[in-house]
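# Structural overview for review
One-letter residues, chain by chain:
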Amino acid sequence: MKNKLAGIIVLMLLAMFSVSCSDSDDNGLFPDGDTENGTDGDSDTSITVPYVVVSGSVAIEVGKTITLQAQTINGTDSGYTWGSTDEVIATVDENGAVTGVSAGEASITATGKDSGKTGSWGVYVYVLPEEGSAKVTISGEVALEIGDTTTLTATTSGASDSAYTWESSDDAKATIDANGQVTGVAAGEVIITATGNDSGESGQWGMYIYAPPVEIPTVTISGGYSVIVGQTLALTAVTNNGTDSAYAWSSSSDAIATVDAATGVVTGIAAGEVTITATGADTNVSGQIGIVVINPEQDIPYEELWKTSGHADSTSEAFRHWDEDGAVPTSCAKCHSTYGYLDFLGEDGSAAGTVENEAATDSVVSCIACHNQSTAEKSSVVFPSGMTVEGLDASSRCMECHQGRESTVSVNDSITAAEVTDDDTVDSDLRFKNVHYAAAGATLVGTEGMGAYEYDGMSYDGIFAHVENVDSCVSCHDSHTLEVKAESCAACHGESRGDYKDIRMAGSLMDYDGDGNISEGIYYEIEG
């Protein structure tokens, strides 16, 4: 338990204390080769300014000791004078050994004996709960369908309980009996509490009660995704979870492709992209498909390229996870089905920015998801933090789903709800918040999206500035295969790019994981 809690603390604090800085009169901000007079280092009169970098662990248990390291960049120091901004919290000896004294935060400084430059490093001192203290833990299912039942289990560590008293925070959503059996009543979230009859300690368990899936009629179109100018393509429509005697077909642009209103036969008119819609005569439900019209002389195998991507893998967990439920819920449909993404964009006639309907489980991320009128005009994205990033290229289509689902804001909301005294107080009510998968869009925009946790008063990088035309999702990844455009990297980094895990910016001189290696790929710094 002690090691697990310490690990959680370290992970939470990496965002705060991962950057060493200088407090000397030159601010220690001159990178290698920069000069005090502002020149680029080519002038004979320029002076290269040294600065001190401190690195090591960031979290210390009271009574324990860690050792920090100092190094001088652009100069040499025979030794360092160490100091602590608050010796009530942490002390440091002449060798950089830091000892935790009491819970709190302190900055450790190292001043070069020859350069006179000072670097600093933030440490957090924490106290672990006393061994043997009583604690009640609940385990069991976290999601329950309305009308179903499940039984939770309570255990007590550090003491013993002969039985438990169970309680629901909202009987209108879920009830629980004396044996820990929960019955789903209405959709929503509920907290179950178990109190030990002997220890008097309580534990809590969050549950989500959901309504049975409703089979929603959907129309699926098949037959192909491209047609050559002057040729035809026969499309077919099928209604799932319903019946239609016929379909009414229409094209979003007859100037690019026409479609026979009764048969679904598409005729290519001019090169471009068009959306074909089929509406069921009985259900009045519509399905759409994107068609690329190609000039005869063009040889652009978009469809074949797309078929090799994860977006087209209909067998993957990303599209099959909800098979037993019968539908993709509104909270997931946006990014796990074409239907949900079009719903979010408002292409289905609903309000844009939200998903109103569950989606059928029979779709992948098809052409129409990314190629429609809304995405053609799209240039901004709202991130989970509520912050909007504008002026984007076609990458805005990618970032809607590759942005994660948590942020600084959601973490702070959890801390506020737990009513802890400060951001770094360990509290049993706080839980890990999973950012969700493939949050590369949030990583790319940095502090403009606040996808990672950011402490007040600290400075964080914004949108990653690479070279022109190689600085966005679609400029670095093939938009159909999703593979990295390695040939673009080779233009500057050589024909053999090697393992992408070895990439590190030339000016990155911080030893983030404290192993003394500042040349390893940034991936390995994060891994530790």
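Starting from 1, residues in each chain are numbered consecutively following that chain's sequence as written. Predicted model: local features are reported for residues with pLDDT of at least 70 only, side-chain atom pairs are reported and counted for 80 or more only, and whole-chain, interface and lining totals are derived from all residues. To obtain the side-chain values, all non-hydrogen atoms of the structure were included, while hydrogens and water were left out.

### Description of the overall build of the protein chain
The criterion, for reference: Numbering of helices and strands starts at the N terminus; helices are DSSP runs of H or I of at least 4 residues and strands are runs of E of at least 2. The cut-offs for exposure are 20% and 50% of the maximum accessible area for each residue type, with area from a 1.4 Å probe on protein chains only; residues under the lower value are buried, those over the upper are exposed, and the others partly exposed. Throughout, a contact is declared for two residues whenever any of their heavy atoms are within 4.5 Å. Only the protein chains shown count as cover for residues, and the accessible areas themselves come from Shrake-Rupley with a 1.4 Å probe.
The helix and strand tally for the protein chain stands at 13 helices and 30 strands. Here the protein chain, with 528 residues, has 38% of them falling under the buried criterion. Here the contacts in the protein chain between residues at least 6 apart in sequence split such that 55% fall between residues at least 24 apart. About 27900 Å² of surface is accessible on the protein chain, with carbon and sulfur atoms providing 51% of the total.

### A short note on the confidence of the model for the protein chain
Convention followed: pLDDT is a residue-level measure of predictor confidence that goes from 0 to 100.
Scored by pLDDT, the protein chain has a mean of 82; 88% of the residues are at 70 or more. Below a pLDDT of 50 lies the segment residues 1–47, which in the model reaches 83 contacts outside its immediate sequence neighbourhood of four places, other chains included.

### Details of unusual backbone geometry
Glycine aside, negative phi is the norm for most residues, and most peptide bonds take the trans geometry. Even without glycine at this site, Asn-241 takes up a positive phi of about 60°. Tracing the backbone shows Asn-241 in the loop between strand 23 (236–240) and strand 24 (247–251). Residue classification places Asn-241 among the partly exposed positions, given a relative accessible area of 40%. Non-glycine residue Asn-284 carries a positive phi angle of around 65°.

### Points about the environment of Lys-64
With respect to the element layout, Lys-64 can be found in the loop between strand 3 (59–61) and strand 4 (65–67). Taking the C-alpha atoms as reference points, Lys-64 and Val-125, separated by 61 residues in sequence, lie 9.3 Å from one another. Each residue touching Lys-64, except ones within four places of it in the same chain, is listed here: Val-98, Thr-99 and Gly-100.

### Side note on the nonpolar core
It is characteristic of soluble globular proteins that their nonpolar side chains tend to be buried jointly. The following threshold applies: To qualify as a nonpolar core, a set must consist of buried Ala, Val, Leu, Ile, Met, Phe, Trp, Tyr and Cys residues joined through side-chain atoms within 4.5 Å.
The biggest cluster of nonpolar side chains holds 35 residues, and the ones touching the most others in it are Leu-235, Trp-249, Val-266, Ile-276, Ala-278, Ile-289 and Ile-291. When contributions to this core are tallied by element, the ones reaching two or more residues are strand 20 (218–222), strand 24, strand 25 (257–259), strand 27 (272–280), strand 28 (286–294), helix 4 (330–336), helix 5 (338–345) and helix 6 (367–370). Of all hydrophobic cores here, the second largest spans 23 residues; its members include Ile-60, Ile-66, Ala-90 and Val-125.

### Overview of the side chain of Thr-109
One can find Thr-109 in strand 9 (residues 104–112). Judged by relative accessible area, Thr-109 falls into the buried class, the value being 17%. Excluding residues within four positions of it along the chain, Thr-109 makes contact with Thr-81, Trp-82, Gly-83, Thr-118, Gly-119 and Ser-120.

### Some details on the packing of aromatic side chains
Put simply, the rule reads: Side-chain rings of Phe, Tyr and Trp (the six-membered ring for Trp) are treated as a pair once their centres are within 6.5 Å; stacked means planes under 30 degrees apart, edge-to-face means over 60, and tilted covers the remaining angles. Two conditions define a charge sitting above a ring: the NZ of Lys or the CZ of Arg must be within 6 Å of the ring centre, and it must be within 35 degrees of the ring normal.
One pass over the full model with this rule turns up 4 aromatic pairs. Between Tyr-453 and Tyr-455, the aromatic rings sit 4.9 Å apart at their centres with planes inclined by 90°, giving edge-to-face as the arrangement. Neither residue differs from the other here; Tyr-453 and Tyr-455 are each classed as buried. Above the face of the Phe-344 ring, Lys-334 is positioned so that its terminal group lies 4.1 Å from the ring centre.

### Examining the state of the cysteines
Going by this rule: In this description, the term disulfide denotes a pair of cysteine sulfurs within 2.5 Å.
Summed over all chains, the structure comprises 1 disulfide. Disulfide pairing places Cys-335 opposite Cys-401 at an S-S distance of 2.2 Å. Disulfide Cys-335-Cys-401: the torsion about the S-S bond is -95°, which places it as left-handed. Of the two residues, Cys-335 is situated in helix 4 and Cys-401 in the loop between helix 8 (395–399) and helix 9 (408–418); the sequence distance between them amounts to 66 residues. A relative accessible area of 25% means that Cys-335 is categorised as partly exposed. Take Cys-332: it sits in no disulfide, and the sulfur closest to it among the cysteines is that of Cys-335, at 9.0 Å. Judged by its relative accessible area of 16%, Cys-332 is buried. Unpaired in terms of disulfides, Cys-370 finds its nearest cysteine sulfur in Cys-398, a separation of 6.7 Å. With relative accessibility at 23%, the residue Cys-370 sits in the partly exposed group.

### Quick word on the sheet that holds strand 4
Defined as follows: Here, a strand pair is defined by DSSP locating no fewer than two bridges between the strands. Throughout, an axis means a line fitted to C-alpha atoms (over the contacting stretch in the case of helices), and angles, computed between N-to-C directions, take values from 0 to 180 degrees.
The strand order 4-8-7 describes an open sheet built from 3 strands, whose pairing is antiparallel. If you trace the sheet from one side to the other, it starts and ends with strand 4 and strand 7 (90–92), each paired once. Across this sheet, the average inter-strand angle for adjacent strands is 25°, counted without regard to direction.

### Some points on the sheet that holds strand 16 (residues 174–176)
Strand order across the open sheet formed by 3 strands is 13-17-16, with antiparallel pairing between neighbours. Edge positions in the open sheet fall to strand 13 (149–151) and strand 16, since each of these has one partner strand only. Recorded for the sheet is a direction-independent mean angle of 20° between the axes of neighbouring strands. Here 3 bridges tie strand 13 to strand 17 (residues 181–184), and the two strands are oriented antiparallel to one another.

### With respect to the pairing of strand 28
Along strand 28, 7 of the 9 residues are buried, which leaves the element largely enclosed by surrounding structure. Alignment of strand 21 (residues 226–228) against strand 28, held across 3 bridges, turns out to be parallel. Note on strand 28: the bridge partner recorded for Val-227 is Val-293. As defined by bridge partners, strand 27 adjoins strand 28 across 8 bridges and the pair is classed as antiparallel. Note that in strand 28 the partner of Ala-278 across the bridge is Gly-287. Where strand 27 folds back on strand 28, the antiparallel hairpin that results is connected by 5 residues, among which Asn-284 adopts a positive phi of roughly 65°.

### A word on the pattern of salt bridges
Short version of the rule: Between Lys or Arg on one side and Asp or Glu on the other, a salt bridge is scored when a side-chain nitrogen of the former is within 4 Å of a carboxyl oxygen of the latter.
Counting across every chain of the model gives 7 salt bridges. With a closest N to O distance of 3.5 Å, Glu-61 and Lys-64 form a salt bridge. With a relative accessible area of 15%, Glu-61 lands in the buried category. A relative accessible area of 45% means that Lys-64 is categorised as partly exposed. The salt bridge partner of Lys-307 is Glu-304, with a shortest N-O separation of 3.6 Å. Separated by 3 residues within a single helix, Lys-307 and Glu-304 lie in helix 2 (residues 302–307), roughly one turn from each other. A relative accessible area of 45% means that Lys-307 is categorised as partly exposed.

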